[in-house]
Amino acid sequence: MARAAAAPDAQGNPAPVSGARLVVEALEREGVRYVFGYPGGAIMPVYDALPGSKLKHILVRHEQAAALAADAWGRVTGEPGVCLATSGPGATNLVTGIANAYLDSVPMVAITGQVATHLIGTDAFQEVDIFGITLPIVKHSYVIRRTEDIPRIFAEAFELARSGRPGPVLIDLPKDVTVKTVTPEPFELSRREPVAPEASAIAHANTLIAEARAPILYFGGGVAIARAEAALHAFATRSGMPSVGTLKGLGAIPTDAPNFLGMLGMHGTRAANVAIDDCDLLICVGARFDDRATGKLDTFAPRAQVIHLDGDPAEIGKLRRAEVGIAGDLSDILDQLTAVPAEAGEWFAECQRNKLRWAMNYDAPGNGVFAPAMLKQLSEAAGDGAIITCDVGQHQMWVAQHCRFIRPQAHLTSAGLGTMGYGLPAGIGAILAEPDATVITVSGDGSIMMNIQELATIRRYRLPLKILLLDNSQLGMVRQWQELFFEENFSEIDLSDNPDFAEVARSFGIEAFTIDHRSEVNGAVKRLLATDGPILCHVRIDPRANVWPLVPPNSSNVQMMEQS
Amino acid sequence: MMNGRLVIAFRDEEGAVGRIVGLVERRGFELRGIAMSSDLPGDCGATGHKLTLDVAARDASRRLDVLDLQLMRLDGVSQVSTIAAAMESVS
């Protein structure tokens, strides 16, 4: 039984408090430290209750950034990130960030102001049905109709956001509900207990592993959600099994581990994709056979039996039939998979040979900055504790291919939704979540313009974010696809009228510099990492550079295109 | 195509029907019939509701067993029974 805190009266009864005060107390009870938001009319009572609370409000310059920063906080800490906006446009501006969290299963609580209850449904000023708008992109949602329900609903929302398969939960707060004063009511919170894995399924999985001659481990973002990295790494080590990771899985096994073959899929390594094609047993851990990972699904791992482990029962067998499907706590399941493949030595050796044979090449002609090499150098110099957030496009794939990650929480990328504009707000959320970490945002000239106003937030709070802006004056990934799959019909990809990004950053009060020559890379990396405050390094790169390798759309993963 | 009837027990709260029906349509099923009853005994609790949906898959890749699990993921849904056959419409 829980009760919202409120100073008792002389008889020991809880004193009446406003709904807004109950909101703040509910957030404090959940241990919330930061609220990312932007005030406005309908949410003003909550903002009125913020001063003097334990909550630190981060005033962003666009509500989308509030949601994306909260998303990053959720990914790093595993606890729900909190964003706050007013009704109408404030609420709709959160939508992309909420969808981003939904697609990547990130814990988040999004709080929106709403017009007063008696005005709902009258097309009142700044009224939108944010509850209805977000139904497809939330794990759950509430419109609070009674002030007395605030403590219970907030407790439920946080529990839902973080439990099971995490996700965003929306709470819509009509203004009158936050203004009214009530005496808090006690409430009880029910929790869903995780289901224990069936012993027979574990035994079957162990049998398949023991008999496999060419097994491979395919892991995804579900490992980080379950915080099962240690169990996964232990399983991979004792079984000796080679592994491949999805974009969201990177770091769950260190990317420089000897048996890790790299990312699979559209921009994966050839060693990873070939191993999947040749394997006879595919152990899928916390991954969901996403189309960017599998390519043409009916050609994916065509000779393999599948063991599918996931925290979410609805993912098992959704796209690929599994011989053994086990839903539950991933660490618990992995710890029980103790079998070792007895006759897979030659397969393991073959995977190693392929890894060496098809290793990434960092030799590039010319004197211009070769982005993959610079990212590799920056990542290695930044060290194991660094966090890299990125935007969406070519640079996002280069980060995945060439940076080193030893934990999945160090790689913040918009994988499911592919949200251009994620990088800067994610950098804000990450640096607040781990203030001692070196946090680097890698962006592109298209993406950074989608949330460039957040340079003001970075400056305001003196966040020591290192921003690496790879500028090819194009929408590079679209250009690459138009070159390769649309007969070089380049349509609306030219961004050559970009502003001078270093000047823009300086105008926000952020140190910045530009490089365009390979000889400047060493100095740039050192300067980025040695600077105490926020800094932006603007890097001009070859507009014709492409991301390789590449699996063409609707193709098998082994039909990879390589740089000619 | 996979057609069938879903009988869904759920908790009565704001948006519950929209959430369920929306999920069914977004996951690739056409809604052919709908009926609702209230105050079910047993698993549904004192404020439980029951929604009966006749659905038809929009393409051959859509499976009712997967939809069943996706519905069970919704907070407030306590039980889903699936009958994978063409039924006389409930509407």
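This is a predicted model, so every value here is computed, not measured.

### A look at the overall build of chain B
From N to C terminus, chain B includes two helices and four strands. Beginning at the N terminus, the succession of helices and strands in chain B can be written as β-α-β-β-α-β. Buried residues in chain B amount to 22% of all 91 residues. Contacts in chain B between residues far apart in sequence, at least 24 positions, make up 77% of those at least 6 positions apart.

### Details of the overall build of chain A
Per the secondary structure count, chain A includes 21 helices and 20 strands. By the compact-globule yardstick of 24 Å for 564 residues, chain A fits well, its C-alpha radius of gyration being 25 Å. Counting only C-alpha atoms, chain A reaches 80 × 65 × 40 Å along its principal axes. When the 564 residues of chain A are sorted by exposure, 54% land in the buried category. Residue pairs in contact within chain A that sit at least 24 positions apart in sequence constitute 76% of those at least 6 positions apart.

### Re the confidence of the model for chain B
All names here are of chain B. Counting all residues, the mean pLDDT for chain B is 87, and 81% of those residues have values of 70 or more. Taking the mean pLDDT of every element in chain B, the minimum, 93, falls on strand E4 (residues 77-83) and the maximum, 97, on helix H1 (residues 16-26). ipTM for the predicted complex: 0.90, alongside a pTM of 0.95.

### Comments concerning the pairing of strand E17 (residues 439-444) of chain A
Residues and elements named next belong to chain A. Buried residues dominate E17, accounting for six of its six residues. Both faces of E17 are covered, namely the face carrying Val-439, Thr-441 and Ser-443 and the face carrying Ile-440, Val-442 and Gly-444. Pairing of strand E15 (residues 387-390) with E17 involves four bridges; the strand directions are parallel. Each bridged residue has a counterpart across the sheet, and for Ile-388 the counterpart in E17 is Ile-440. In this structure, E17 lies alongside strand E18 (residues 466-471), joined through five bridges in parallel fashion. Bridging from a neighbouring strand, Ile-440 pairs with Lys-466 of E18. Viewed along the sheet, the connection from E17 through helix H18 (residues 455-460) into E18 turns out right-handed.

### Section: the sheet that holds E15 of chain A
Within a sheet, each strand pairs with its neighbour through backbone hydrogen bonds, oriented either parallel or antiparallel. Residues and elements named next belong to chain A. Within the open sheet, the six strands sit side by side as E16-E15-E17-E18-E20-E19. Their pairing is parallel. Each of the sheet's edge strands pairs with one partner strand only, and the pair in question is strand E16 (411-412) and strand E19 (511-515). Packed onto the sheet, helix H15 (residues 371-382) meets E15, E17, E18 and strand E20 (535-540) and runs at close to 170° relative to E17.

### Thoughts on the pairing of strand E13 (residues 305-310) of chain A
Residues and elements named next belong to chain A. Most of E13 is tucked away: five of the six residues are buried. The pairing of strand E12 (residues 281-285) with E13 spans five bridges and is parallel. Paired with Leu-282 across the bridge in E13 is Val-306. Inspection of the sheet shows E13 paired to strand E14 (residues 324-327) by four bridges, in the parallel sense. Within E14, the position partnered with Ile-307 by the bridge is Val-324.

### As for the sheet that holds strand E3 (residues 56-59) of chain A
All names here are of chain A. An order of E3-E2-E4-E5-E7-E6 is seen for the six strands of this open sheet, with the pairing classed as parallel. Where the open sheet ends on each side, the last strands, each with one partner, are E3 and strand E6 (140-143). Across the sheet, the mean angle from the axis of one strand to that of its neighbour is 20°, orientation sign disregarded. Sheet topology places strand E2 (residues 34-37) next to strand E4 (residues 81-85); three bridges connect them, and they run parallel. From the neighbouring strand, Val-35 faces E4, where its bridge partner is Val-82.

### Quick look at the interface of chain B and chain A
Taken together, the eleven residues of chain B in the interface contact eleven residues of chain A. Elements supplying a minimum of two residues to the side of chain B that touches chain A: H1 and helix H2 (64-72) of chain B. When residues in the side of chain B that touches chain A are grouped by element, the largest group, four residues, is from H1 of chain B. Broken down by class, the residue content of the side of chain B that touches chain A amounts to two nonpolar, four polar and five charged.

What counts and what doesn't
Residues numbered from 1 in each chain as written. Chains lettered and ligands numbered in written order. Predicted model: local features only at pLDDT ≥ 70, side-chain atom pairs only at ≥ 80, totals over all residues. Helix = DSSP H or I, 4+ residues; strand = E, 2+ residues; numbered from the N terminus. Buried ≥ 20, exposed ≤ 12 C-beta atoms within 10 Å, placed from the backbone. Contact = placed C-beta atoms within 7 Å. Rg over C-alpha atoms; globule rule 2.2 N^0.38 Å. pLDDT = per-residue confidence, 0-100. Pairing = 2+ DSSP bridges. Right-handed = clockwise from strand over helix to strand, strands pointing away. Axes fitted to C-alpha atoms, helices over the stretch in contact; angles between N-to-C directions. Nonpolar A, V, L, I, M, F, W, Y, C, P; charged D, E, K, R; others polar.

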